[in-house]
Amino acid sequence: MWLEDFLASKRNTSGFSHSKIILTGEHAVVYGNPAIALPFPLKVEAVIEEVTSGIIVESTFYTGPLEQIPTKLEGIRACIQQVLIALKRPCDKLKITIHSQIPIGKGLGSSAAIAVAIVRGLFSFFETKLDDKTLSAFVHTAEVYAHGSPSGIDMATAMSDTPIWFQNGDIVRLEVTSPLHFVIADSGRIGNTQKSVSRVRALYSNDEVLKADSLRRMKVIAFAAKSAMAKGDIQKLGKLLNENHSELIQIGVSEDGLNHLVNTARSAGALGAKLTGGGDGGCMLALTDSKEKMEEISSTLTSAGAQQTWCFTIEP
Ligand code: PMV
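Definitions and limits used
Residues numbered from 1 in each chain as written. Predicted model: local features only at pLDDT ≥ 70, side-chain atom pairs only at ≥ 80, totals over all residues. Heavy atoms only, no water. UniProt positions renumbered as here; feature names shortened; annotations may be inferred. Helix = DSSP H or I, 4+ residues; strand = E, 2+ residues; numbered from the N terminus. Rg over C-alpha atoms; globule rule 2.2 N^0.38 Å. Buried < 20%, exposed > 50% of the residue type's maximum accessible area, 1.4 Å probe, protein only. Contact = heavy atoms within 4.5 Å. Lys, Arg positive; Asp, Glu negative; His and termini not counted. Charge placed at Lys NZ, Arg CZ, Asp CG, Glu CD. Disulfide = S-S within 2.5 Å. Core = buried A, V, L, I, M, F, W, Y, C linked by side-chain atoms within 4.5 Å. Domains from an automatic or database assignment. Axes fitted to C-alpha atoms, helices over the stretch in contact; angles between N-to-C directions. Left-handed = near helix turned anticlockwise from the far one by under 90°. Nonpolar A, V, L, I, M, F, W, Y, C, P; charged D, E, K, R; others polar. Near = heavy atom within 4 Å. Polar contact = N/O pair within 3.5 Å; in protein donor to acceptor, adjacent residues only side chain to side chain. Areas by Shrake-Rupley, 256 points an atom, 1.4 Å probe, with all protein chains shown as cover. Expected span 1.5 Å × (residues − 1). Salt bridge = Lys/Arg side-chain N within 4 Å of Asp/Glu carboxyl O.

Under an unreviewed UniProt entry, the protein has the name mevalonate kinase and belongs to Sporosarcina ureilytica. In its Subcellular location (unreviewed entry) section, UniProt records this for the protein: "Cytoplasm".

**Student:** What am I meant to see in the overall build of the protein here?
**Tutor:** Counting its secondary structure elements, the protein contains 10 helices and 11 strands. Compactness check: the protein gives a C-alpha radius of gyration of 20 Å against a globular reference of 20 Å for 316 residues, within 12% of the reference. Viewed in the frame of its principal axes, the protein has a C-alpha envelope of about 60 × 45 × 35 Å. Counting across all 316 residues of the protein, residues that qualify as buried make up 53%. In the protein, the share of contacts with a sequence separation of at least 24, taken over all contacts with a separation of at least 6, comes to 74%. Across the protein, the 31 positively charged side chains and the 33 negatively charged ones have centroids separated by 3 Å.

**Student:** Mind showing me how you'd approach the UniProt feature "domain: GHMP kinase C-terminal" (unreviewed entry) in the protein here?
**Tutor:** Residues annotated in UniProt with the feature "domain: GHMP kinase C-terminal" (unreviewed entry) correspond here to residues 226-305. Measuring from the first to the last C-alpha atom of residues 226-305 gives 31 Å, for a span that is 60% helix and 14% strand.

**Student:** Explanation requested: the state of the cysteines in the structure shown.
**Tutor:** As enumerated under the stated definition, the model contains 0 disulfides in all. For the unlinked cysteine cysteine 283, the closest cysteine sulfur is that of cysteine 311, found at 13 Å. A relative accessible area of 0% places cysteine 283 in the buried class.

**Student:** Just checking my understanding: could you explain the nonpolar core for this structure?
**Tutor:** Within soluble globular proteins, side chains that are nonpolar tend to cluster in buried spots. Counting 67 residues, the largest nonpolar core has Phe182 and Ile184 as its most contacted members. When residues of this core are sorted by domain, at least three fall in each of domain 1 (2-171) and domain 2 (176-314). In contact with phenylalanine 182, not counting residues within four places along its chain, are Leu23, Leu38, Leu285, Ala286, Leu287, Met294, Trp310, Cys311, Phe312 and Ile314. Counting residues in each nonpolar core, the second largest holds 24 residues, with Leu258, Ala265, Met284 and Met294 among its members.

**Student:** Would you take a moment to explain the packing of helix 3 (residues 110-125) against helix 4 (residues 132-147) for this structure?
**Tutor:** Relative placement of two packed helices is described by the angle separating their axes and the distance separating the axes. Helix 4 packs onto helix 3 with a crossing angle of 140 degrees between their chain directions and a minimal axis gap of 9 Å. As helix 3 runs across helix 4, the sense of the crossing is right-handed. Mapping the contact onto sequence places Ser111, Ala112, Ala115, Val116, Val119, Arg120 and Phe123 in helix 3 and Thr134, Leu135, Phe138, Val139, Ala142, Glu143, Ala146 and His147 in helix 4. Taken together, the residues of the contact of helix 3 with helix 4 sort by class into 10 nonpolar, 3 polar and 2 charged.

**Student:** Would you mind showing me how to read the UniProt feature "domain: GHMP kinase N-terminal" (unreviewed entry) in the protein here?
**Tutor:** Those residues carrying the UniProt feature "domain: GHMP kinase N-terminal" (unreviewed entry) are residues 83-159 in this numbering. Structurally, residues 83-159 is divided into 55% helix and 9% strand, and its ends, taken at the C-alpha atoms, are 17 Å apart.

**Student:** Sorry if this is basic, but what is going on with the site of the ligand here?
**Tutor:** Surrounding the ligand, one finds 16 residues, the nearest of these being Lys20, His27, Ser151, Asp154 and Thr193. Histidine 27 has a polar backbone atom sitting 2.9 Å from an oxygen atom of the ligand. Between the ligand and aspartate 154 there is a distance of 2.7 Å, counted from an oxygen atom to a side-chain nitrogen or oxygen. Within the complex, 96% of the 380 Å² of free accessible area of the ligand lies under protein. Broken down by secondary-structure element, the contributors of at least two residues to the shell around the ligand are strand 1 (12-24), helix 5 (153-158) and helix 6 (193-206). Grouping the amino acids of the shell around the ligand by side-chain chemistry returns 6 nonpolar, 7 polar and 3 charged.

**Student:** Just checking my understanding: could you explain the side chain of histidine 245 for this structure?
**Tutor:** Topologically, histidine 245 is positioned in helix 8 (residues 234-250). Exposure remark for histidine 245: the relative accessible area of 2% places this residue in the buried category. If near-sequence neighbours (up to four positions away) are discounted, histidine 245 is found in contact with Ser254, Asn259, Val262, Arg266, Ala273, Lys274 and Leu275.

**Student:** Before we go on, may I ask you to explain helix 8 in this structure?
**Tutor:** Three or four residues apart is the spacing at which side chains of an α-helix point the same way, because the helix has 3.6 residues per turn. Taking 1.5 Å as the rise per residue, helix 8 with 17 residues should run 24 Å; its terminal C-alpha atoms sit 24 Å apart, in good agreement. If you check which residues of helix 8 are buried, you get Ile234, Leu237, Gly238, Leu240, Leu241, Asn244, His245, Glu247 and Leu248. Of the surrounding elements, those touching the buried residues of helix 8 are strand 1, strand 8 (180-186), helix 7 (208-231), helix 9 (256-267), strand 9 (272-276) and strand 10 (283-288).

**Student:** Explain the pattern of salt bridges to me, please; I cannot follow it from the model alone.
**Tutor:** It is possible for side chains of opposite charge to pair when their charged atoms get near one another. Counted under the stated rule, the structure contains 13 salt bridges. In this structure, the salt-bridge partner of arginine 189 is glutamate 255, at a minimum N-O distance of 2.6 Å. Placement of arginine 189 in the loop between strand 8 and helix 6 and of glutamate 255 in the loop between helix 8 and helix 9 is noted, with a sequence separation of 66 residues between them. By relative accessible area, which is 34% here, arginine 189 ends up partly exposed.

Next comes the structure, spelled out in structure tokens:
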């Protein structure tokens, strides 16, 4: 290693974020309905280092100069460039290394979490204070490329360390009064949120009555789920998750593989189960009443074909 590189490599900082799961209200949230989302502990770290030339991005999906980043990561490029302009450092020589545990295209909010980690890392590297409003504005840039017209729920949850109630950009932290044990299972198929959101938009715009009924029912589910969480009524919460899944089937964003995992979890004793995120593949979640049941459902889902499962508990 050259001395210059060695000295430069000594100066590095990291920004962090995490994945998310949507408990209720995905898709409806795009139309101003409320939704509940939970921080999910798959981590992203963006390491920022000084190097001797250019701006280099290193990640599992692309390593090379920022200007040559592939189209599907254009949002990240735009976000980095805007941050560097705002920090008056557009020509600095940097390496941005992304370490992410979040699978891509599985409804776990990887694009928002990566952008949050990068923006936090860059502000920290240049020793500049970062408030939530500024962070949101930069991450929104990346999310517009990734999702078209995002509701902002992914970004809000990637920035939060508690469950949130999200509506039209307003965020309320939610209290949990009894432990919530979840199993998340990956169907193995990659969803495309931009496409599923556009399909729902086409469906709704062709049928105003269906749109109003569907959004009204999902709004009732979201409010009831919030109240069940506050009361610690997990049986009721489970039923509401099942109802929410039926609504998502009605608007055409579920598919056979996800329905199979949802039904498997219910037959194995889950209190409720539904897809989570954009759908068309990606992940489903199941709510259980104990750690033992959670482990049992996790292995049943693996035997039923889930590519990967995660167990996690939200403690009061
Ligand atoms: O990024 P995903 O697949 O978790 O989906 C985000 C949730 C949607 O409601 C489908 C889209 C949005 O912008 O809120």
